[in-house]
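Each chain, written out:
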Amino acid sequence: MYSNDLFRISIRQVIRRTKKLIAITGAIALGSAGLIFVLTMGDEVKQRVNRDLVQLSQATIIKCIYDRATTAQDMLRRPPWFKDETVKELRSIQGVDAVSLSSDTGVTTYIDEDVATFIVRGCDADYWEIYRYLEVEGRFFTAAEDESGDRVCVIGQRLAETLFGTADVVGQDLPIQSNLFTIIGVLSHRTADHRTDWVFVPLSSAQMRLAKVEKPSIMYIMAANWELVSELEPLIKEIIAKHQEDRGLEIQVAWGPLNSARRIMLFVEIFIYFTLGVILLLGVFGISNTMTTQVKARTREIGLKKAIGATDRDILKQFLLESIFICMAGSFVGASLGFGVVILASHLMGTPIPYEFTALCSSVSLSLSVFTGIAAGWLPATSASRMDVVMALRYE
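Every value quoted in this text rests on a predicted model; they were computed, and no experiment measured them.

Caption draft 1: The arrangement of the overall build of the protein chain in detail. Of the regular secondary structure elements, the protein chain holds 15 helices and 10 strands. In the protein chain, which comprises 396 residues, the proportion classed as buried is 46%. In the protein chain, the proportion of contacts linking residues at least 24 apart, taken out of those at least 6 apart, comes to 78%. Accessible surface, the protein chain as shown: approximately 21000 Å² in total, 59% of it carbon and sulfur.

Caption draft 2: Geometry of the pattern of salt bridges. Counted under the stated rule, the structure contains 11 salt bridges. A salt bridge links Asp197 to Arg158, with the shortest nitrogen-to-oxygen separation between them at 2.8 Å. Of this pair, Asp197 sits in the loop between helix 8 (189-192) and strand 8 (198-202) while Arg158 sits in helix 7 (residues 157-164); the two residues are 39 residues apart in sequence, bridging distant segments of the chain. Close ionic contact of Glu322 with Arg298 constitutes a salt bridge, the shortest N to O distance being 3.0 Å. You can see Glu322 sitting in helix 13 (residues 312-349) and its partner Arg298 sitting in the loop between helix 11 (255-297) and helix 12 (299-307), a full 24 residues away along the chain.

Caption draft 3: Expanded view of a nonpolar patch on the surface. A contiguous nonpolar surface patch, about 700 Å² in accessible area, is contributed by Leu39, Tyr273, Phe357, Leu360, Val364, Leu368 and Phe371. When residues of the nonpolar patch are assigned to their parent elements, the largest contribution, 5 residues, is made by helix 14 (residues 355-385). With relative accessibility at 43%, the residue Val364 sits in the partly exposed group.

Caption draft 4: Local environment of helix 14. Compared with an ideal rise of 1.5 Å per residue, which puts 31 residues at 45 Å, helix 14 spans 43 Å between its outermost C-alpha atoms and is within 8% of the ideal. Within helix 14, the axis deviates most sharply at Trp378, by approximately 50 degrees, and proline Pro380 lies no more than four positions further along.

Caption draft 5: Spatial organisation of the packing of helix 4 (residues 84-91) against helix 10 (residues 229-243). Orientation of helix 4 relative to helix 10, taken along the N-to-C sense of each, is 150 degrees, at an axis distance of 9 Å. In this view, helix 4 runs roughly antiparallel relative to helix 10, as classed from their interaxial angle. When the axes of helix 4 and helix 10 are compared, the crossing they make is right-handed. Where helix 4 approaches helix 10, its residues Glu85, Thr86, Glu89 and Leu90 are matched on the opposing element by Ile236, Ile239, Ile240, Lys242 and His243.

Caption draft 6: Spatial organisation of unusual backbone geometry. Although it is not a glycine, Gln177 adopts a positive phi angle of roughly 55 degrees. Assignment of secondary structure puts Gln177 in the loop between strand 6 (173-176) and strand 7 (179-187). A residue is classified by how much of its surface remains accessible, and Gln177, at 33% relative accessible area, is partly exposed.

Caption draft 7: Inspection of the nonpolar core at higher detail. Counting 25 residues, the largest nonpolar core has Ile62, Cys64, Phe82, Leu90, Met219, Ile221 and Ile236 as the members making the most contacts within it. It is helix 10 that provides the largest number of residues to this core, a total of 5 residues. The contact partners of Ile236, leaving out residues within four places of it in the chain, are Ile62, Cys64, Leu90, Ile221 and Ile251. In this structure, Leu21, Ala376, Met387 and Ala392 belong to the second largest nonpolar core, which totals 23 residues.

Caption draft 8: A look at helix 7. All of the buried residues along helix 7 are Gln157, Leu159, Ala160 and Leu163. Along helix 7, the residues classed as buried sweep out an arc of 160 degrees about the axis, all on the same side. Looking one or two residues beyond helix 7, the residue adopting positive phi is Gly165, at roughly 80 degrees.

What counts as what
- Residues numbered from 1 in each chain as written.
- Predicted model: local features only at pLDDT ≥ 70, side-chain atom pairs only at ≥ 80, totals over all residues.
- Heavy atoms only, no water.
- Helix = DSSP H or I, 4+ residues; strand = E, 2+ residues; numbered from the N terminus.
- Buried < 20%, exposed > 50% of the residue type's maximum accessible area, 1.4 Å probe, protein only.
- Contact = heavy atoms within 4.5 Å.
- Areas by Shrake-Rupley, 256 points an atom, 1.4 Å probe, with all protein chains shown as cover.
- Salt bridge = Lys/Arg side-chain N within 4 Å of Asp/Glu carboxyl O.
- Patch = residues over 30% accessible without salt bridge, like charges linked within 9 Å, V, L, I, M, F, W, Y side chains within 5 Å.
- Expected span 1.5 Å × (residues − 1).
- Bend = angle between axes of the 7 residues up to and from the residue.
- Axes fitted to C-alpha atoms, helices over the stretch in contact; angles between N-to-C directions.
- Parallel < 35°, antiparallel > 145°, perpendicular 65-115°, else oblique.
- Left-handed = near helix turned anticlockwise from the far one by under 90°.
- Core = buried A, V, L, I, M, F, W, Y, C linked by side-chain atoms within 4.5 Å.
- Arc of directions from axis to C-beta.

This is the structure we're talking about:
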């Protein structure tokens, strides 16, 4: 029997049973679509979850801080700070998204003859990248304003209401020591937590204009995702010790929320892959059972084909091809569905559509469907090919 005849006959048999195969092809389509989506958008989803973790628990932020002097000998020494070469190497580490330096001081100021005391944090523009979830009315100061030492500041909402009686203070001047800083942003109390009572100024401006502002002894490092935090922590210690004294250095990691996030994500990943695996297996077993049923129902047909010259190999090929076509049909529908889901998810998350990688995953899915079809149809096809001609013709 010629190959084109086998293809034609196999496709025709599959088309004849389209209604009966909807459930099976649907299971394979759902499994394929889910697999394509997970492979294509899995990293993007993790990054989104990573940003949510920052907002909920700051689980991806590593805080490095030098303890205040506690002994007389320590008080005689110059307080340690993070040096430029340390920061430069930390920023070059793969898996580090941002590094920010800051230094705090307490100030007392007078507004309309009222005395107010609050914390001023001098920080660089990367601080807002690390704490990107903070909501602001107005804007944050930029790297250019930090480099030039501009007298601008961001104030917490509660402090603004305490000092000015309103949170609508963007554009007003705030006296800090002997300087006037222009307020360019107000941190919302919804996301600022304890920072709602603080004032933030560019680090360079704080060092130039404010008394008692030491060189930065606080450093925040944001990992690209929660999976890298445990790897980065010892590496950060090593790099700091290489460039400067690490006496009194404390590295703080939110291990509790981090471990909780790991357990949750591990459970979610296992559940997703298990569900996809079960769906695909149901499709495979469904195809196998369908082909077994077809072999029994077409026993006389098989005997007749053998009687007029079809070989065992021809019968084997025909049933394997039918099984493969069923799998490929489900996989093709799944690839189309998965591609549509990826486009929709990319649109909702505001990310570029990964056309090339999606096409690659779809191609892999279609290729795997061939092997899946062979695995599902092998036993029924083998049973059909080994069928005795006389017994098949006598089958009722």
